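Fold and geometry: a report
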Amino acid sequence: MKAFSIGMIVMAVFCLINLLGQAYFKEFNYLRNIDYGIKESLNGIWWTFKAALYEELIFRGALLYLLIKRLGINWACIISAIAFGIYHWFSYQMFGRSLVPMAYVFLLTGASGWMFAYAFAKTKSILVPLGLHFGWIVISIVVLSSGPLGDSLYVTDGKDVDLNGWEQLLFFLWQTLIVPGVITWYIFKNYKRREV
């Protein structure tokens, strides 16, 4: 549970940096949604926890364990990441859109899928990737209204500009390389000798 809690807090901070950083460059603010109270917050937290748990059980459950036994950690994690990226084409309803948004979603979610799979493989616990996964989505969905539940605890003030090329690249790299890279490096350094 300690690793779950630490992972959740670290990913919550990474998500806050991501979304508040984008808000800064897009020149909008977050305002407290007065219609979103404790009941709605608890329902949102429960929904995001179930979503993270469901995805972790599917992608980092028994199938990943068997893939690790047959193919080794690296190939198993790559396959899990690819499957996680493709799955999000369905959950984000990406079919019918152009190739660029589909590639964008695949790379973002695939990088996260690698990080979660590697965390499972090295720690031998589903709690670690669950904490990482839940920490990110509870902030993005329940706190800052960036997800399928609509307006949540904080909403934008309505002002919004597109990110320019370098800003968009910065946040893309944050989510696909920096955050997964830092988490993977930390797990590699701290769980070197553990194998599933």
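In the block above lies the structure referred to throughout.
This text gives an overview of the structure that appears in the document. (Residues numbered from 1 in each chain as written. Predicted model: local features only at pLDDT ≥ 70, side-chain atom pairs only at ≥ 80, totals over all residues. Heavy atoms only, no water.)

Okay, the packing of helix H1 (residues 2-26) against helix H7 (residues 165-190) next. The interhelical angle for the contact between H1 and H7, taken along N-to-C directions, is 175 degrees, at an axis separation of 11 Å. Considering their axes alone, H1 and H7 lie roughly antiparallel with respect to each other. Note on element contacts: H7 touches H1 through Trp166, Glu167, Phe171, Trp174, Gln175, Val179, Val182 and Ile183, opposite Val10, Met11, Phe14, Ile17, Asn18, Gly21, Gln22 and Phe25. Residues belonging to the contact of H1 with H7 are distributed by class as follows: 11 nonpolar, 4 polar and 1 charged. (Axes fitted to C-alpha atoms, helices over the stretch in contact; angles between N-to-C directions. Helix = DSSP H or I, 4+ residues; strand = E, 2+ residues; numbered from the N terminus. Parallel < 35°, antiparallel > 145°, perpendicular 65-115°, else oblique. Contact = heavy atoms within 4.5 Å. Nonpolar A, V, L, I, M, F, W, Y, C, P; charged D, E, K, R; others polar.)

Counting residues in each nonpolar core, the largest one holds 43 residues, and the members touching the most others are Met11, Phe14, Ile68, Met115, Leu132, Trp136 and Ile183. Contributions of two or more residues to this core are made by H1, helix H2 (38-59), helix H3 (62-71), helix H4 (73-91), helix H5 (99-123), helix H6 (127-143) and H7. Ranked by the residues each element gives to this core, the list is headed by H6, at 10 residues. Filtering out sequence-adjacent residues up to four positions away, Trp136 remains in contact with Met11, Ala12, Phe14, Cys15, Asn18, Trp174 and Gln175. (Core = buried A, V, L, I, M, F, W, Y, C linked by side-chain atoms within 4.5 Å. Buried < 20%, exposed > 50% of the residue type's maximum accessible area, 1.4 Å probe, protein only.)

Let us look at a nonpolar patch on the surface. Together, Leu71, Trp75, Ile78, Ile79, Ile82, Ile86, Phe90 and Phe95 make up a nonpolar patch on the protein surface, roughly 770 Å² of accessible area in all. It is H4 that contributes the most residues to the nonpolar patch, 6 residues altogether. Among the secondary structure elements, Phe95 is positioned in the loop between H4 and H5. (Patch = residues over 30% accessible without salt bridge, like charges linked within 9 Å, V, L, I, M, F, W, Y side chains within 5 Å. Areas by Shrake-Rupley, 256 points an atom, 1.4 Å probe, with all protein chains shown as cover. Salt bridge = Lys/Arg side-chain N within 4 Å of Asp/Glu carboxyl O.)

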